[in-house]
Every structure is written in structure tokens, then in C-alpha cells.
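Analysis of the macromolecular model
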Amino acid sequence: MVTAITSASGLLAMLNEQHPALKLHALTNLDRFVDTFWPEISTSVSTIESLYEDEDFGERQLAALVASKVFYYLGELNDSLSYALGARSLFNVSEDSDYVHALLAKAIDEYATLRTKATESKESVEIDPRLESIVERMLNKCILEGKFQQALGISLECQRLDRLEEAILKSDNVAGMLLYCINVSQTFVSRREYRCEVFRLLVKIYQKLPSPDYLSICQCLMFLNEHGSVSSILENLLKGDKDDALLAYQIAFDLYENEYQAFLINVRNQLPEPKYRVLKSPNASQPSDDVQADNDNVTSGQTSVAMDTSGDVQMQDDPNSAGPLDEVDAKEATYAERLAKIKGILSGETPIHLLLQFLYSHNRSDLLILKTIKQSVEMRNSVCHSATIYANALMHAGTTADTFLRENLEWLSRATNWAKFSATAGLGVIHRGHLQQGRSLMAPYLPQNGASGGGSPFSEGGALYALGLIHANHGEGIKQFLRESLRNTSVEVIQHGACLGLGLAALGTADEEVYDDIKNVLYSDSAVAGEAAGIGMGLLMVGTASEKAGEMLAYAHDTQHEKIIRGLALGIALTVYGREEEADTLIEQMTRDQDPILRYGGMYALALAYRGTSNNKAIRRLLHFAVSDVSDDVRRTAVLALGFVLYSEPEQTPRVVSLLSESYNPHVRYGAAIAVGISCAGTGLSEAISLLEPLTSDVVDFVRQGALIAMAMVLVQTNESREPRVGNFRRQLEKIILDKHEDTMSKMGAILASGILDAGGRNVTIKVLSRTKHDRMTAVIGMAVFTQFWYWYPLIYFLSLSFAPTSFIGLNYDLKIPKFEFLSDVRPSMFEYPRPTAPPTTSSAAKLPSAVLSTSARAKSRAKKEADNKIAVEKVSMGDGNTNLSANGSTGASKGLNSGDKDGESMQVDNTSEKKAEAETSSEVLTNPARVVPAQEKYIKFFEDSRYVPVKPARSGFVLLRDLQPSEPEVLISSDTPASSVSVGSVSNSQLPATAVEDGEPQPPQPFEFHA
């Protein structure tokens, strides 16, 4: 029987012996029992330390290990790590104990900190080789044990790109590890410069693979802004076989989704031109005749080649080329055809046209909601009148459905001055993406020949703003017209609209000529035009971090107009979009400024520079300003900015701002609500809803307004089956809108929230991240400018830039939509459209009891008694037989009546039971193109025996389909094309769409035969 050791005193006494063997024995056993007796051993830790420091002692490393463990249990991790390094190889990284795990984490953190410091300071930092040895041993252990993801994480954190490459290449699933590395880099690597180095390494590894993943390579190259490499990849794929061309189209659609206009333009321009031009064939797919607007300037001949989504092409000799058409190399002809298609995708014309068709054909807007809002809004309340126009524009964004406006022309005509500007600009949101006919749609309002046409300057300015919204991020075709309009006017309202329109159309292109035109307006020192000029310059120079920001900041210090300073503050913030550490100098300069408006701009600069990075330094700075700045505007914006920094981790935002949402300061509470709305938009996150619910009934009106708008942003495209609180929220909105005593601010918030909830005909959500987890630049910028509606209501329309259609659009080689079915493996009710609002039932008014005098009541009762007596006498004289007969008859009749009632009741019960018996199916077959909301994507499955197979495993967006039976004829889906609406002016019934005219007429009955 082994005797249990109850004390370490004997072993500790042996440490003072002279003989080394006794000390070795003591240390060996102390190492075994240190977990149990560390309190007792800690009293003699100085003796153990002296043994480690004695260079003549042969087992110094063992002494260091024991000392390390004692200090670990004492909570002194720094000392513990120091002695663990002294233990060298005796510190076993493979040991599965809390001590080893804690010290390994400490060692890796220490090493990573030193490596980061060395990189950032650009100076040599001395790193203990023993510390590096522990990290190396840990990495070797992970790779040997097959824990490649763990090795990748350690390498990434320690900035060891050599070991990162080794971990990826030695793994059994290189492609999977590369995708994992991309995701981790985007989420956890805080320094932009280092992230670029990682992506360059990943591109190099991808290109070494036998079959490179070009989709991922191009996403990395887009982050690195290497458009030349992307162009060469696309060119090689276009010259390959049919599958390669499909992959090239898919890459182009994925790049388009990230919305970097300047990058896409560069890629398109660097694609080599074919030797022969592609002409449209007569039967090529283009908008039907009824779509063509009544405008001589816009003809089918002007339609871009890129809009041709058919495969039918005609070749024509280029004047510079030699040889007739029949000698054209077939490969060159194919390349020319494919190049035309891919340029159409990169320019945005093809995807925008397809999305326009989708939003038009799937439009499920509920006009009854708008009708209710219109009827409840007081005539004199211009704020709610304008809010209704904004809500209509958001509700029909991109659908081209302006029925509500045309049915309420008289009501709409009440808009004056800036309300007229907003009403006209709203058409730009409704027709967003109508690139081919945008100008003809707005023609009745635009300045004629570039000069003011004698109409209202407010509607002309609104029309120029609308053109920017229609062509947002795709404005090459309209840019020149907007520049001319800006140069040919001196009316500040028209300049205001033209500056916003130009900024939107030339978003991020950094066009010097456009910049000079807008700068001239700014230097005119007009408050109204100058504010738009400041924002327009920012939109133009998005993410360039150019020295132009210095010019803008200098002018902000010179001018006396608050509106101009505010416009410039936001414009400067836009220039540092996504620049992270590079923007720190400018941010520091703005946040230390004495002018609160520039500090307010500094908050936006922080938000946009570190958008979606969850950067701890940025969060700390924003929280500091949120609680310490003397200006309420700055504090509100600092809290709001947290939503931009944290949108890649929406679950974190409610937790970070939860305390701020209970602040005594209403501006901070408002900022917390909007921050949650931005970060958790479209997620339906339960924690976000719980945080916003109490704020919707806050004591301060503008806090309620912000909470209602934020709640709508969170709940967009969420129905009651997924989140029961949606129904309560819709009823709350209706109650606020109908309540005549509700204050204007809350009512405006409720009206806007109604528009956001059903945005884009209930077919769009709010997304700031693309499916590849890159930022959707236009969406983030649109959201940032939208939050400026606190000062300027027309900027509400910028929210439409963050709308993303929730569609699955499968396309074949010819970029047409084939018939293709796939499965949504979940109950249909989970993601169905919200039920349309029921019209109010016309119930007849209940009759009130009429007043009866007492004398007339007595007279009536006397007359009734006399009549009853008379009937009784007559019955007796008639005899018993007749009496029985009538009694039986009446009894039978009453029985029949009762039984009939019972039958009717039983029939109703049967009907309801039959309805209940129809159980809901557990899945649903969807047909291409289909509405697929983000939460539904994980339930989408493709049939194994399907004719078409997706090029990449995507469950939404544009998906190229590979045809497994190319010899058989294809069945194509004929999608509805939106007809260009006539201007909102005097409209006759003949001009209205068929649906609008026929709504009042019932459908004819089915054929039937009549038998007598």
C-alpha cells in the first residue's frame, strides 16, 4: 500500500542539502506535487529561484519549471512565463494542463505584441529567442496533429507569413483553408497594411494550385485594388471554353455586387478590345416598344451593346481591320461576343436591368398603407406630407411603380418649395436603375438645354438630384449632362440638386474636372448650394484619402456658414472611407478642433475609416467622445458611429450600446437606437428588438422617431412567423399615424418606418456587406449620408442606396433566365410576404333605442291585450282538430327552422375543420427567378437530377448555371419589363397602366350552362 504524501516540507528541506543528487530528487518530486502543495512550496520559492540562478547547478531548467508553476498558481503570469522560458525544452507544449494552456496563450500574446510593435514602428524590436522557440514548437505541434486552423490562427496573429503558408499548404483541404484564411483576415486582422500582405500571399498560393479558384483570387485582388490582374484573368477565361466563360461572367457579377465603381471602370477599360465589333441583332433582347419613352433623344439605337443579354450577335468589319467577314476567326468572334457581355455586367447595365425586371414583376407593395397614411395626415402639416412622399419612394424603390403619385396628383400639388424638390427627387428612387430612360423620365422637370427652363427651380433641382439617384454609382452616361446643368445655372436650389446628383453619379471616381466644377459652387459661398457641394465633393473622392481633404478642411475654417461647414465635415469623412490607420492624422486633427461641427465630422471620419472592422481602438475613442464631449451633436454622432464600426458583428452592437440607450441625454439615446438600426439592419436580431422596444415609447419625441426608424431597419423583410413582434410593431405604427394628438416628430418616424418596412415592393433588404463579406461601398455611404436627415430631410433618399434585392436569379450562357427549379427546405410561411392590409369593413351603424313616452307605452299594451283576447275566442270557435293541425304545423315549422340552423352550424364547423386539416407543407419548390431572403439562404437546396448546375454554390444573387443538356432546347422565362411611366402631370385613363384602369372592374364569370 502506497503512503499518501501530506506535506512537502521534507522535499523543501532537501533543497538546502549540499549534494546535487538530493536537490535533483527534491525538485523532481516537487514538480510532481506542485499542483497540490503550491501554497507550501511558495514559502521557499526564493530557494528554488537561487538554484535556477546558480550556473554551477546542473538542473537549472528543472528549478525554473518548478518556479514557473508556483508563480502561475500565485497568479503572477509574467514571472511564470519568464521562468518557463528558462525551463526551455522541459516546458512541454504538448501537455494538456491549465498551466500549459495559460502560459502558451500568454507567450503567443507576448510574441504577437512584439511582432506588431516591430512592424508598426518600422524599427527592430529584440525578441527573446526562447519565446520564439515556444511559439515555433506550438506551431509544429499543431501542424503535426492536423490542427491546421489553429496553426493558421497563431501564424496570422503572430504575423508569421512563412508559417501561415506552411499551414495552408500542408493541410488536407487547401482550398477550404484558403477560404477560411480570407474570412479570418477580414474579421480579425485590424491593420489594413498587414491584411493586404496576407491577401497577396493568398493570391500567390491560389495561383500555384492545379485548378485555381478564380472567384476568390479576384475578390482578393479587388481588395488589393489590382485591376490589371483581374482584367488579365477575365481575358484568359473569356478566351477559354464555355465553362471558363461562365466563370468569367460569375466573377464579373460578384465584383459588381461590391459596388466599387472606379475599380470596375478600370477593369473594363483594361480588357483588350476585339478585332471585330459586335452589332445588335434585330431580335436581341431589349425593352419592348411600350418601354421606350416618348423622347426623341432616347432611341433604341442608343441602347448600349452591354444591355444585349442574348447570344445572337452579328459581326461587322472594323475599318482598321483587313479581310472580309467570312474570314473572321471563329475564336475572335466568340471572344468579341463574350467581351460585350462581360462589359455589360461590369458597367452594371445587365445586372441592373435584370434587377429592375425582378423588382417590377415581384412588386408586392401595399398601397392601402399609403392611402391610410395620406388620409390621416393633416393638410397643414408639411412635415408629415413630405414624410408620406418619402415613404412612398422607399416603398416603391426600384419598382418603377408610381401609381400612388399619379392617383393623388391634387394632393401632391400641395408640395411647395423644398417639399416640391423632395417630391420630384422621389421619382429618382422609384425609377432607380432605369439607366436607359432615366433622362426621358425626368424630362418634364429638367432644365431645358442645360439652362433653367422657366419652371420651378425646386422641381428642376429635385430632378437633377433624381437623375443622380437613378444613375447612382453608374453615372458615366449622365455625368456630362449634370455638369452642364451645374455650370449653366446660378440658382442655388438647382446647384444644390446638381451637386448631389453629380456626387452620386460619379461616386468614388475622383474625376478632377467634376471636382473643379463642384468646388466652384462651394467657393461661391452660398449656404444652400455649399452644403450640397461639400457632400458632393466627398462622394466624388470617396476612399481616396487625397490631399483634397486638406483643401476642404481649410475652407471649412474660413467660411461662416454652418450648413457649408457641416457639408464639408461629412465630405471630408467620406474621403477617408476604409483607410483605417492612414486616416488617423486627419481624424486627430478634426476631433481636436474647437468647432463642434468639425468634431462631429471627425466622428463620421472615425466611423467610415474603420467601417466594419470592429477595431477596439476606434470603439474606445468613440465611447470616450460619447460620454465626454460638450456638444450634444458630437455625442449623438459618436454613439451612432459605433453602428458603422460594428456592422460586421451585429450581435455585439446591442451589448456595446445597451448602457448608452439608458443615458439621461436624449441625444445619446437617439444615437444608440440608430447605431443598432445600422449595424443590425435586416437581421431581425432579437436582442436589437428588445433594446429598441422601450425607446419607441421614450418621453422625448426625436428619440421615439429614431427608435421607430431603427426598428423598421432591423425588421425589414421579417414576417410574423419568424418574429411575432413584427405584428405588434406594425400595429404600433398604425396607431401613431392615426393618432391626431401624436407629435409631428414621432408621426414622421412612424411614416418613414412604414416605408422602410415594405421597401422596394417588399423585395429588398438593407445590406452593408456583400455575400463575399466585402463592404458594399455604396450602401455604407448611403447609410452615412441618410443619417444627416436630422438636419436636411431630402437626404432621406440616400437610404435607398443601401437597399439590396433579395433575389435568386439564375442565368445561362446567354445571360438569359432559363426555367430552373430549386427547393426551399422550410415551411413556406416562414419567409412569405407579409399579408396585405385588409380594407376597413363597412359595418352599418347600430340603431340607437328611440325614446318612448309612458302614455304611449300603456296604450300599446292595452291594444295588445285586446287583440290577444280576440284571437283566443276565434280559436275556440274553430274546433280542436284545426287547433291541433295548426299547432302541429307551427311546431313542425319551428322544428324545421331549428334543424336548419343546426345544419348550417354543423356545415360551418365542417368547413373550419377541413381548413385545419390542410397542414402546411414542410418545404417549397421555388422557380427561377425567385425571392430568397438572407435568413432563407441556408435552407436552399438544388435538385440532383436538375438540368442546370450552379457555377458556384451560391444560394442567392446572380448565379450562372451550367447546362448539362446543351443539345436540348431551353425553356426561357419571359420576365415582365417595367414600362416607363409618364410624368406625374395631367394623366388620362388611357395613360394609366392596365392594372390601374381595370381595378374597378370585376372579372368576367367562368363559362357555364344553365338548366331549368
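Residues numbered from 1 in each chain as written. Predicted model: local features only at pLDDT ≥ 70, side-chain atom pairs only at ≥ 80, totals over all residues. Heavy atoms only, no water.

This paragraph deals with the pattern of salt bridges. Within the structure shown, the criterion is met by 49 salt bridges. The shortest N-O distance in the salt bridge between glutamate 132 and arginine 160 comes to 3.6 Å. Highlighted residues: glutamate 132 in helix H7 (residues 129-144) and arginine 160 in the loop between helix H8 (148-157) and helix H9 (161-169), separated in sequence by 28 residues. On the basis of relative accessibility, which here comes to 27%, the residue glutamate 132 falls in the partly exposed class. Of the charged contacts, one joins arginine 200 and glutamate 226 as a salt bridge, the two residues approaching to 4.0 Å between their closest N and O atoms. Within this pair, whereas arginine 200 is found in helix H11 (residues 192-208), its partner glutamate 226 is found in the loop between helix H12 (214-223) and helix H13 (227-238), the two being separated by 26 residues in sequence. Through salt bridges with shared partners, a single network forms among Glu132, Glu136, Arg160, Asp162, Arg163, Glu166 and Lys170. (Salt bridge = Lys/Arg side-chain N within 4 Å of Asp/Glu carboxyl O. Helix = DSSP H or I, 4+ residues; strand = E, 2+ residues; numbered from the N terminus. Buried < 20%, exposed > 50% of the residue type's maximum accessible area, 1.4 Å probe, protein only.)

This part covers the packing of helix H28 (residues 527-540) against helix H30 (residues 562-575). Viewed as axis vectors pointing N to C, H28 and H30 meet at an angle of 5°, and their least axial separation amounts to 7 Å. When the axis of H28 is compared with that of H30, the two are roughly parallel. Of the residues in H30, those touching H28 at Ala527, Val528, Gly530, Glu531, Gly534, Ile535, Gly538 and Leu539 are Lys563, Ile564, Gly567, Leu568, Leu570, Gly571, Leu574 and Thr575. Of the residues contributing to the contact of H28 with H30, the split by class is eight nonpolar, six polar and two charged. (Axes fitted to C-alpha atoms, helices over the stretch in contact; angles between N-to-C directions. Parallel < 35°, antiparallel > 145°, perpendicular 65-115°, else oblique. Contact = heavy atoms within 4.5 Å. Nonpolar A, V, L, I, M, F, W, Y, C, P; charged D, E, K, R; others polar.)

In this structure, Phe91, Ile168, Tyr465 and Phe798 are the most contacted members of the largest nonpolar core, which totals 292 residues. In terms of residues, this core owes the most to one element, helix H38 (residues 701-715), which gives eleven residues. Leave out the neighbours within four places in its chain, and tyrosine 465 touches Phe421, Ala425, Gly497, Leu500, Gly501, Leu504, Pro794, Leu795, Tyr797 and Phe798. If you look at the next biggest cluster of nonpolar residues, it comprises eleven residues, including Val932, Ile940, Ala954 and Leu961. (Core = buried A, V, L, I, M, F, W, Y, C linked by side-chain atoms within 4.5 Å.)

Pairing is antiparallel in the open sheet, where three strands are placed in the order E7-E6-E9. Here the strands that pair on one side only, and so sit at the sheet edges, are strand E7 (924-927) and strand E9 (940-941). When strand E6 (residues 821-824) meets E9, the two strands line up antiparallel, connected through two bridges. Along E9, the bridge assignment pairs leucine 823 with lysine 941. (Pairing = 2+ DSSP bridges.)

Once that is clear, we can look at the environment of arginine 137. Position of arginine 137 among the secondary structure elements: in helix H7. The class of arginine 137 is partly exposed, set by a relative accessible area of 25%. Separated by 45 residues in sequence, arginine 137 and asparagine 92 place their C-alpha atoms 9.2 Å apart. Setting aside residues no more than four positions away along its own chain, arginine 137 makes contact with Arg88, Ser89, Phe91 and Val93. Side-chain polar atoms of arginine 137 contact the backbone oxygen of phenylalanine 91, separated by 2.8 Å. (Polar contact = N/O pair within 3.5 Å; in protein donor to acceptor, adjacent residues only side chain to side chain.)

Right, let's get into helix H2 (residues 20-41). End to end, H2 covers just 19 Å across 22 residues, shorter than the expected 32 Å (1.5 Å per residue, more than 12% under). Looking at H2, one finds that the buried residues are Lys23, Ala26, Leu27, Asn29, Leu30, Phe33, Val34, Phe37 and Ile41. Where H2 is buried, its residues meet helix H1 (9-14), helix H3 (45-53) and helix H4 (60-73). (Expected span 1.5 Å × (residues − 1).)

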